[in-house]
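What follows is each chain in one-letter form.
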Amino acid sequence: MTNFQIELPTKVYFGNSCVFDALKEERELINGRIILVSGCSHASEVNAQKMHTWINEVDPSAMITDYRNPHSNPRLADVREAARLAKEANVNTVIAIGGGSVMDLAKAVAVAAVSREDIGEFFGTGKKLPENTLPIIAVPTTSGTGSELSRAAILSDPDRGVKDGIRGDCLAPQVAMVDPELTYTVPLKTSMETGFDVLAHATESFLSRKADLYSEMLSARAVSIVGEYLPKLKCFIENRNGITNCDIDPAEREAREKMSFASMLMGINLYRTGNCLPHRMQYPVGALTDTSHGAGLAALFPAWIGREFEVNEDKVKEVFSLLGYRPDHITSGREAKKTFRDFTDNKLGIGYTLKDLGVDRSAADLAQKVRGNLNSDVLSETPDILIKLYEESMGE
Ligand SMILES: [Fe+2]
């Protein structure tokens with residue numbers, strides 16, 4: 001058994017329409033000059049406008065500098081530009097309203113706005129982050145990354161074709177405001193891909209060598225929530241015409257709420273257990289194709305789970321059981337891969353291969369670009385495993 005500690009540095013507000021009341025509670029944090037980081041889509045603009053209204057009601061004297069994140073994989077150059085604006089306006093709080101890329105960018109801005117060193121010095125190097133980073137309020141509008149509770153920010157450097165992270169305790173937001181209503185307008189494809197990220201965090205943290213009794217409890221709950229509610233959510237979204245806030249069925253509200261909750265839980269686990277191979281392997285795919293994090297994970301997962309069956313059979317069977325499959329039907333790695341592909345393809349509609357995502361490099365090229373510590377995954381000891389997994393995920 002692994003010894004462990006339980007600590008949650010982020011204060012969490014969770015529930016429908018919780019943000020305005022939470023901002024009132026956190027008045028001291030928003031009192032002053034704020035950089036508000038959001039996304040570039042129309043829905044993001046609507047959410048950023050809502051945040052402006054709420055902040056102005058709580059503190060009419062608050063000065064807000066806006067930064068709209070232009071890339072689905074935030075770049076070092078984006079961090080530098082947003083930090084320049086933050087420094088110019090002498091901001092004292094960072095607020096992020098958006099998906100994982102927006103929250104990750106905001107976390108990096110909280111570092112870069114106070115650091116005398118360039119953000120590149122910390123990117124993928126493990127160099128200790130400065131202690132005096134700006135406080136962060138994270139308001140997720142998708143349910144997927146868990147970035148509102150995690151202590152990492154994933155960035156990319158397109159010049160080098162590298163996607164990696166900065167990590168440290170100071171990247172845990174001071175406050176997370178998780179309002180499932182903000183996810184109602186997320187379209188079908190993004191809902192499925194971000195929802196798959198939750199499943200990836202849950203499964204990888206469950207199979208991680210660093211898993212402990214506490215993290216396993218959270219992982220198991222998150223896997224079962226995704227198994228039950230993500231396929232339902234697909235049907236709900238498909239069966240209504242258009243996306244409106246007011247017409248959402250109570251059953252879909254419940255599904256959205258459960259997915260937001262599971263996503264948040266996995267933000268806790270990301271720090272505790274680290275990730276297994278699929279997360280490390282997705283980064284080169286995202287950097288090469290600019291496809292979403294969840295899409296890359298969905299393409300890599302069936303082959304990985306098939307291989308993982310060979311070294312971690314009991315726990316892989318437990319994952320299938322939590323997803324609603326009969327574990328006694330999974331008798332081989334090949335069967336595990338096939339069954340998982342059935343889940344991504346038929347139940348979520350995201351049964352991609354790497355070729356579907358536009359990968360045109362060899363498995364060996366991709367494997368060379370994998371960064372970071374792979375030791376959390378027992379499979380990392382298998383010779384040439386990265387090349388094998390990329391090959392097996394490539395598709396026809
Ligand atoms: Fe992830």
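Heads up: the structure comes first, above all this text.
The rules we used
- Residues numbered from 1 in each chain as written.
- Predicted model: local features only at pLDDT ≥ 70, side-chain atom pairs only at ≥ 80, totals over all residues.
- Heavy atoms only, no water.
- Helix = DSSP H or I, 4+ residues; strand = E, 2+ residues; numbered from the N terminus.
- Rg over C-alpha atoms; globule rule 2.2 N^0.38 Å.
- Buried < 20%, exposed > 50% of the residue type's maximum accessible area, 1.4 Å probe, protein only.
- Contact = heavy atoms within 4.5 Å.
- Areas by Shrake-Rupley, 256 points an atom, 1.4 Å probe, with all protein chains shown as cover.
- Lys, Arg positive; Asp, Glu negative; His and termini not counted.
- Charge placed at Lys NZ, Arg CZ, Asp CG, Glu CD.
- Donors = N, O, S within 2.8 Å, 3.2 Å for Na, K, Ca; no water.
- Tetrahedral: all angles 85-135°; square planar, octahedral: opposite > 155°, others 65-115°.
- Pairing = 2+ DSSP bridges.
- Axes fitted to C-alpha atoms, helices over the stretch in contact; angles between N-to-C directions.
- Phe/Tyr/Trp six-rings, centres within 6.5 Å; stacked < 30°, edge-to-face > 60°.
- Lys NZ or Arg CZ within 6 Å of the ring centre and 35° of its normal.
- Expected span 1.5 Å × (residues − 1).
- Salt bridge = Lys/Arg side-chain N within 4 Å of Asp/Glu carboxyl O.
- Left-handed = near helix turned anticlockwise from the far one by under 90°.
- Nonpolar A, V, L, I, M, F, W, Y, C, P; charged D, E, K, R; others polar.

### Here's the deal with the overall build of the chain
Regarding its fold elements, the chain presents 14 helices and 8 strands. On C-alpha atoms alone, the chain measures out to a radius of gyration of 20 Å, which is about the 21 Å that the 2.2 N^0.38 rule sets for 396 residues. Over its C-alpha atoms, taken along the principal directions, the chain stretches across nearly 65 × 50 × 45 Å. Expressed as a percentage of its 396 residues, the buried residues of the chain come to 58%. Considering only contacts within the chain whose residues lie at least 6 apart along the sequence, 79% involve residues at least 24 apart. Here the chain displays about 16300 Å² of accessible surface, and carbon together with sulfur accounts for 48% of that area. Taking the average place of the 44 positive charges on the side chains of the chain and the average place of its 55 negative ones, the gap between the two points comes to 2 Å.

### Quick notes on the coordination of the iron ion
In a perfect tetrahedron of four donors around a metal, the angles come out at 109.5 degrees. In a perfect octahedron of six, they are 90 or 180 degrees. The protein atoms that coordinate the iron ion are Asp197 (OD), His201 (NE2), His279 (NE2) and His293 (NE2), at distances spanning 2.1 to 2.2 Å. Given 4 donor atoms and angles of 86 to 174° at the metal, the environment of the iron ion is assigned as irregular. The sequence pattern formed by the donor residues of the iron ion is D-x3-H-x77-H-x13-H. Of this pair, His279 sits in helix 9 (residues 277–289) while His293 sits in helix 10 (residues 293–311), and the two are 14 residues apart along the sequence.

### Notes on the sheet that holds strand 8 (residues 175–178)
Read across the sheet, 6 strands follow the order 1-8-5-4-2-3 without closing on themselves; strand pairing throughout is parallel. Both outer strands of the open sheet, strand 1 (11–14) and strand 3 (63–68), are each paired with one neighbouring strand and no more. Across the sheet, the mean angle separating the axes of adjacent strands is 15° when strand polarity is ignored. Pairing between strand 5 (residues 136–140) and strand 8: 2 bridges, direction parallel. Bridged to Ala138 within strand 8 is Ala176.

### Some remarks on the side chain of Glu252
Mapped onto the secondary structure, Glu252 falls in helix 8 (residues 250–273). Ignoring sequence-local partners within four residues, the contact set of Glu252 consists of Leu233, Phe236, Ile237 and Arg240.

### Quick look at the environment of Leu354
Assignment of secondary structure puts Leu354 in the loop between helix 12 (333–347) and helix 13 (363–368). Relative accessible area serves as the criterion here: at 0%, Leu354 is assigned to the buried category. Residues Leu354 and Glu391, 37 residues apart in the sequence, show an inter-C-alpha distance of 9.1 Å. Dropping the residues within four chain positions of it, Leu354 is found in contact with Val285, Ala299, Leu300, Val359, Tyr390, Ser393 and Met394.

### Examining the packing of aromatic side chains
For the structure on display, the rule yields 10 aromatic pairs. Aromatic pair Phe320 and Phe340: ring centres 6.3 Å apart, planes at 75°, arrangement edge-to-face. Of this pair, Phe320 sits in helix 11 (residues 313–323) while Phe340 sits in helix 12, and the two are 20 residues apart along the sequence. Phe340 matches Phe320 in its accessibility class, with the two residues each being buried. Over the aromatic face of Tyr271 sits the side chain of Arg151, whose NZ or CZ is 3.7 Å from the ring centroid. Here Lys347 stacks its cationic end above the ring of Tyr325, 5.0 Å away from the centre of that ring.

### Concerning helix 5 (residues 100–112)
Helix length check: helix 5 (13 residues) gives 18 Å between terminal C-alpha atoms against 18 Å at 1.5 Å per residue, within 8%. The element helix 5 is extensively covered by neighbouring structure, given that 13 of its 13 residues are classed as buried.

### A closer look at the pattern of salt bridges
Summed over all chains, the structure comprises 23 salt bridges. Measuring nitrogen to oxygen at the nearest pair gives 3.6 Å for the salt bridge that ties Asp164 to Arg167. Since its relative accessible area comes to 7%, Asp164 is described here as buried. A residue is classified by how much of its surface remains accessible, and Arg167, at 40% relative accessible area, is partly exposed. Taking the shortest distance from any N to any O, the salt bridge between Arg326 and Asp328 comes out at 2.8 Å. On the basis of relative accessible area, Arg326 is assigned to the exposed category, the value being 52%. On the basis of relative accessible area, Asp328 is assigned to the partly exposed category, the value being 44%.

### Some remarks on the packing of helix 7 (residues 213–239) against helix 8
Where helix 7 contacts helix 8, the axes come no closer than 8 Å and their chain directions differ by 145°. Regarding helix 7 and helix 8, the two cross each other, and that crossing is left-handed. Split by residue class, the contact of helix 7 with helix 8 holds 18 nonpolar, 4 polar and 6 charged.

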